Amino acid sequence: MTGLLTVVLFLPIAGAILLVFLPKDIPGPIKGGGLLVSLLTFLASLAIVGRFHDGIGGFQLVESHAWIPQWGINYTVGVYGISLWLVLLTTLLTPVVILASWNSIHKHPKEYVISMLVMESAMIGAFLAMDLVLFYVFFELMLLPMYLIIGVWGGKNRIYAAIKFFLFTIAGSLLMLLGIIYLGFQQVHLTAGGVPTFEITQLYGLSLPPHIQTILFFAFALAFAIKVPLFPLHTWLPDAHVEAPTGGSIILAGVMLKMGTYGFLRFVLPFFPDASIHYAPLLICLSVIGIIYGALVAWVQPDMKKLVAYSSVSHLGFCVMGIFAINQASIEGSILQMVNHGLSTGALFLLVGVVYERRHTRMLADYGGIARTMPVYTVFFVIAMLSSVGLPGLNGFVGEFLILAGSFQTHPGYATVAAIGVILAAIYLLWLIQAVFFGPITKDENRSIPDIAWNEIAAVVPLIIMIVWIGIHPNTFLRRMEPSVQQLLATVRGEQPEKVMTASLAAAATRSPVAQTLLSVRSGARMRGRQGLSVGVQGPKGAQTEVSVLRVTR
Amino acid sequence: MTWADTLLLLPELIAATGASILLIVPVLGGRARGHMAKWAMLALMAVTALAVIGSTYAVAGVQQTPTFRAMFAVDAFSVFFKLLFVVVIALVTLLSEDFLSEERYSTWEYYSLLAFALCGMMFMASGVSLITIYIGLELLALSSYILAGYYKNHEESTEAAMKYFILGTVSSAILLYGISLIYGVCGSMRLSTIAAALSTMLSNDALMFGIMLLAAGLCFKIAAVPFHVWTPDVYVGAPTPISAFLSTGSKAAAFAVFARVFYVAFPAFHLDWSNVLAAIAALSMIVGNLAAITQTNVKRMLAYSSISHAGYSLLGIIAMNEMGLRGILIYTMVYVFANLGIWATILMLRRHAYAGESVEDFRGLHKRAPFAAFSMVVFLLSLGGIPPTAGFIGKYFLFAAAVQAGFGWLAIVAVVMSAVSMFYYLRLVVAMYLEEGSGAETIYSPSLRFVTALSLTVTLVVGFIPELPIRQVIESSSHLVGRVVQR
Amino acid sequence: MDALTASIPLLVFVVVGTIAVASSILVVAMRNPVNSALFLLLTFLCVAVLFVMEGAEFVGAVQVLVYAGGIMVLFLFVVMLINVRALPDDRILSPYWTGGAVVGAAVFVLLVALVRPGVYHEQNDNPLALRSTTVNARHRVVQPDGTTVRKRYTRQQVVGNSEAIGMALYRDYLVPFEVASLFLLVAMVGAILIGKRELGIDDEDVDPQYIVDRVAEEKEMKEAMSA
């Protein structure tokens, strides 16, 4: 099945289009339909894992079609070790979100589900796109549904928060568009083809002059830093989280913020290796400031949701630090931490939403001792919290440990400071638990809160399962990302004499006998160990495409 | 000059004849049948469109064929713009229906003037001599002045027409002075002859001054800063369909002229004038967008937004490369359709009240008119340049052209200002979707619905499958670009 | 003496040009519209003189006939008809006039600096070149076998002043010239539309009887007022 990625990508949007034609006043079937579509998408994405070959660092399951041939813009999608788990995270969180909002969204349920599904497609598209312009299109497409989710279904200050979110993000991403165009045309001068190329595999390993790298580095890094968000640019995040509905917060924290860190890994490091290495201390410094600052601000928050929001700033600081420490362990930890953060923060937002649903307040002061009235809920919350703290045996520990261990090798000073962040996280989260769940019940309303409901349990259980799985057996996940990370590091360090197994090859493999031969050659090369091979292959459009075979390292 | 030449002039002849016939009809007793005027006008537009398409077959391969002593040319570039103009005028006709039936103004004369304006625009698109371009522009301008003052009984409309007239005349005089200086230096008003004369010149201050005056005159027509002051008042005061026309058709024609004159005649002096135009473009983008943020009247906001869009489009002229010219063509098209769609929505809202165009009127629109609200969002996103709408394709071209031509700083200004522009476009989205409220009464007539649907289709189709329109644009602009490359 | 005769055209140009500029300023400076109109007439005449000096006798004559003769009469007609004797005495100059004057002076200086001898394109040495034109004609040619056929040929021909203008207008600049006629038509339509008395909503139809009634009504009103 060659169209697997396309199916996963467009299934939610197709579902959303079908939902448009349903009448407005039947919330049950609408939500059910949305759930069904998102579950189907999840199943389809499991098939991606099934078809994913562990040992390959390059892109797999690549599909390529011409989209705007005049500009060399193609619809090219592919998955590799770094994006695989993020796609899975997206497809997992969407049904969770729809389940979690089953009873909490009363206003315009149809539009809500449609926004969520469009959002899912856009996010998957951004993870899968192998063409820069295609990536940009999905990157922007994410904004509108999120804007509506915050703006329509949000709290009191929702319009301010929605506009702030939108403007921050678009300001960064438009500059990135300029960078993308510039990058595409750099290639024109180099190849003298006349048509720019935005295919990322062809742009990897493009050794640009340092000053150009610096400019482009900042154009891209700004967009992603806003999205992460990195320390001075984070101000939109607490507003957006506080105002967004529970589902919106889960998606925002769980997946959207990962666009930033993912963007660093996928574009910034391999495109501008020299600039990345040169400015890595700056970004690490900012992320460490973010870690400490986020943790300290989280500590003093009276509002549970804001607390979790600031903890996101802190946790994502770890991810960025891991990325810019630029070594195998830290980057793997960083990718894993992206997934972890999606799971644990998603679960926390979801659970905060559960009590908010019942009491319509998120203030810590309004709770206390609810462990007695909501025992099941408390168990889930404590697991999610411990995962966020980084308790050994749960997922957070693996990610943070890898990041810190990796960073110690390159930036011991920063890593030490960042480690304080872990301790602070334990302090503010345990303080949250203490204030909300234990101690005497001070408010009478808290004596009769109903415990967590079936749909909420159904939503949170998959997250808890994943939290435990990653914590106990992280190798399931690390194994698949390892080759891609190695390859990324090779690109950054400029070690690769041959280019990576490219999209064109895989795309051509289905129709061109030459490419099929190449594929078999590749497996031969794999057996013999390190070996590079470069052969001309007839590309999809008849153009002679330089295709090289991946250097296999083990 | 032969009869075949006259055949090439057929679209203009048809438009002019049709306009005259529309003028005569009421005298022949058609005054009572005002509702017929719309259909007569649409039929005229259809015939004109056919003639435009037909004229392309008269020219082999649609290469440039100057006729009438190189005063007039039918080429792919002019055909592209002429078809765009015909569509714009037809849509404006549809937009005008309600306004005319409500206000009981003389219908036939109104459409006749629109047809004359179309005629002027077609001469602008086809003119390969400064004098033809100038006279076509004047024909368009004069029709626009009258149409802007068509609300004779409204003080604002009269004031708008007066302002537009006086400032327009001054700008015409400036333009004419520029032309006379250029003529003096080059000894010809034919664009190709000017280009040939310029290619042997090193530098000439009088010529530069002439080019600057010419650019100033054209900048007035496209409403670029600092020649923009008339725009907000005129857009607010003029009858709404005419505002729609001024912000789309009239501007598109001015851009056709801008592009042809600068790409054909002045490439040799690109280094000299590009920086001045770059300053104008940057100012337009900054002033237009910043001023638009503070507006509460939607028409005024659109006026300032159209000023900023003039700035974006100028990037294509400043860049002076293949990408830039294509960018102007496609951006003009994209902008025209997005804007017409927005004006259709405003017209829907503003019935029965003259001044009710505030942002508040849009509150909760998605409940009362879901289709209109959705289309409006698409149009606004298109103006903001957000994918996957057509606006992204247009902006992509223009930004890429600027980057390619080494005007990176200008592209950065454009990008930052695009982000700023989202701020006020979003205000409308917020009002429509996020705010509750009864807002203004809406009556969505079939004509308005048709205009919205057509604009929406174009905006989305160009956004999603841009291959075909881009190919068309490349064909339409290739012969002008060829000249630049030869340079 | 030769120097003197050679400088006579320059002298005339300076004098006539000064009068033209000065009177055109006075056109806008005069408070009495009739005076303005008369100064406008003077400007037209001076410009006509300048045309004649440049060898464009026909244009000069047209200038006198059409502008000075026709258009000025129309102006005066309108001025007399609406019977404006003088404008009110209060100051009507915009407070920004100093700014305008400065800008005007700056542009003037700029032009004087820029447009100097040598910047304009080279004229042909032959002054008649401007008036030479290609003419299509047919004439009989006697063939060797005795029959005659009509053959087309083109030749360069120096034509008279008015003929040159005719050639320019109706051949070289035919398209702009014809568009100018459309322009004038639109101007006329606009003038009528704006000047037309607005019909009420009830009497949309142009009923001749309505107009007659209205005229009679107004007559009565006027008589009543004068009485």
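These figures come from a predicted structure and were not determined experimentally. (Residues numbered from 1 in each chain as written. Chains lettered and ligands numbered in written order. Predicted model: local features only at pLDDT ≥ 70, side-chain atom pairs only at ≥ 80, totals over all residues.)

S.K.: Could you give me a rundown of the overall build of chain A, with the residues and numbers involved?
M.R.: When helices and strands are tallied, chain A shows 21 helices and four strands. Counting across all 554 residues of chain A, residues that qualify as buried make up 61%. Looking at chain A alone, contacts between residues at least 24 apart form 79% of all its contacts between residues at least 6 apart. (Helix = DSSP H or I, 4+ residues; strand = E, 2+ residues; numbered from the N terminus. Buried ≥ 20, exposed ≤ 12 C-beta atoms within 10 Å, placed from the backbone. Contact = placed C-beta atoms within 7 Å.)

S.K.: Report on the interface of chain B and chain C, specifying residues and quantitative values.
M.R.: Every contact between the two is made by 35 residues of chain B and, on the other side, 27 residues of chain C. When residues in the side of chain B that touches chain C are grouped by element, the largest group, nine residues, is from helix 6 (residues 130–148) of chain B. In the side of chain B that touches chain C, the residues fall into 20 nonpolar, eight polar and seven charged. (Nonpolar A, V, L, I, M, F, W, Y, C, P; charged D, E, K, R; others polar.)

S.K.: Tell me about unusual backbone geometry, and name the residues and values.
M.R.: Backbone torsion omega between Val225 of chain B and Pro226 of chain B reads 5°, so that peptide bond is classified as cis. Structurally, Pro226 of chain B is set in the loop between helix 9 (205–222) and helix 10 (230–237). Unlike most non-glycine residues, His360 of chain A shows phi in positive territory, near 55°. With respect to the helices and strands, the residue His360 of chain A is situated in the loop between helix 14 (328–359) and helix 15 (375–389).

S.K.: A description of helix 19 (residues 475–492) of chain A should follow, citing residues and the corresponding values.
M.R.: All names here are of chain A. Helix length check: helix 19 (18 residues) gives 24 Å between terminal C-alpha atoms against 26 Å at 1.5 Å per residue, within 8%. Helix geometry: helix 19 is bent most strongly at Glu482, by close to 40°, with proline Pro483 lying one to four residues after it. Regarding helix 19, the residues found buried are Phe477, Leu478, Arg480, Met481, Pro483, Ser484, Val485, Gln487, Leu488 and Val492. Where helix 19 terminates, the next one or two residues include Gly494, which has phi positive at roughly 70°. (Expected span 1.5 Å × (residues − 1). Bend = angle between axes of the 7 residues up to and from the residue.)

S.K.: Break down the domain arrangement of chain A for me, citing the residues and quoting the values.
M.R.: All names here are of chain A. Examined at the domain level, chain A breaks down into domain 1 (1–141) and domain 2 (271–553). On the side of domain 2, 33 residues touch domain 1, which itself brings 31 residues to the contact. Breaking the side of domain 1 that touches domain 2 down by element, the ones donating at least two residues are strand 1 (60–68), strand 2 (73–79) and helix 3 (81–100). Looking at the side of domain 1 that touches domain 2, the element that brings in the most residues is helix 3, giving eleven residues. Taken together, the residues of the side of domain 1 that touches domain 2 sort by class into 18 nonpolar, eleven polar and two charged. (Domains from an automatic or database assignment.)

S.K.: Got a sec to walk through the nonpolar core? Specific residues and values, please.
M.R.: Counting residues in hydrophobic clusters, the biggest one holds 420 residues, and the most contacted among them are Ile318, Phe399 and Ala402 of chain B. Per element, the largest residue contribution to this core is 20 residues, and it comes from helix 14 (residues 322–349) of chain B. Composition of this core by domain shows at least three residues from each of domain 1 (1–141) and domain 2 (271–553) of chain A. Not counting residues up to four positions away in its chain, the partners in contact with Phe399 of chain B are Leu177, Leu178 and Ile181 of chain A together with Ala411, Ala414 and Val415 of chain B. By size, the runner-up hydrophobic cluster in this structure holds nine residues, among which are Leu40, Leu41, Cys46 and Val47 of chain C. (Core = buried A, V, L, I, M, F, W, Y, C linked by C-beta atoms within 7 Å.)

S.K.: Give me the packing of helix 16 (residues 370–384) of chain B against helix 18 (residues 408–434) of chain B: which residues, what numbers.
M.R.: All names here are of chain B. Look at helix 16 against helix 18: their axes get within 9 Å of each other, and the N-to-C directions meet at 175°. The orientation of helix 16 with respect to helix 18, classified from their angle, is roughly antiparallel. Note on element contacts: helix 18 touches helix 16 through Ser418, Ser421, Met422, Tyr425, Leu428, Val429, Met432 and Tyr433, opposite Ala373, Met376, Val377, Leu380, Leu383 and Gly384. (Axes fitted to C-alpha atoms, helices over the stretch in contact; angles between N-to-C directions. Parallel < 35°, antiparallel > 145°, perpendicular 65-115°, else oblique.)

S.K.: Lay out the confidence of the model for chain A in plain terms, naming residues and giving numbers.
M.R.: All names here are of chain A. Summary statistics for chain A give a mean pLDDT of 80 and a share of 87% for residues scoring 70 or more. Within chain A, the lowest mean pLDDT, 38, falls on strand 3 (residues 533–538), and the highest, 89, falls on helix 12 (residues 273–299). Contacts from residues 497–554, a stretch scored under 50 in pLDDT, to residues over four places away or in other chains number 94 contacts. (pLDDT = per-residue confidence, 0-100.)

S.K.: How would you explain helix 9 of chain B if you had to name every residue and give the values?
M.R.: All names here are of chain B. For helix 9, which comprises 18 residues, the first-to-last C-alpha distance of 25 Å matches the rise-based estimate of 26 Å (1.5 Å per residue) to within 8%. Summarising burial for helix 9: 13 of the 18 residues are buried, a large majority. Immediately beyond the C-terminal end of helix 9, within one or two residues, lies Ala223, with a positive phi of roughly 60°.

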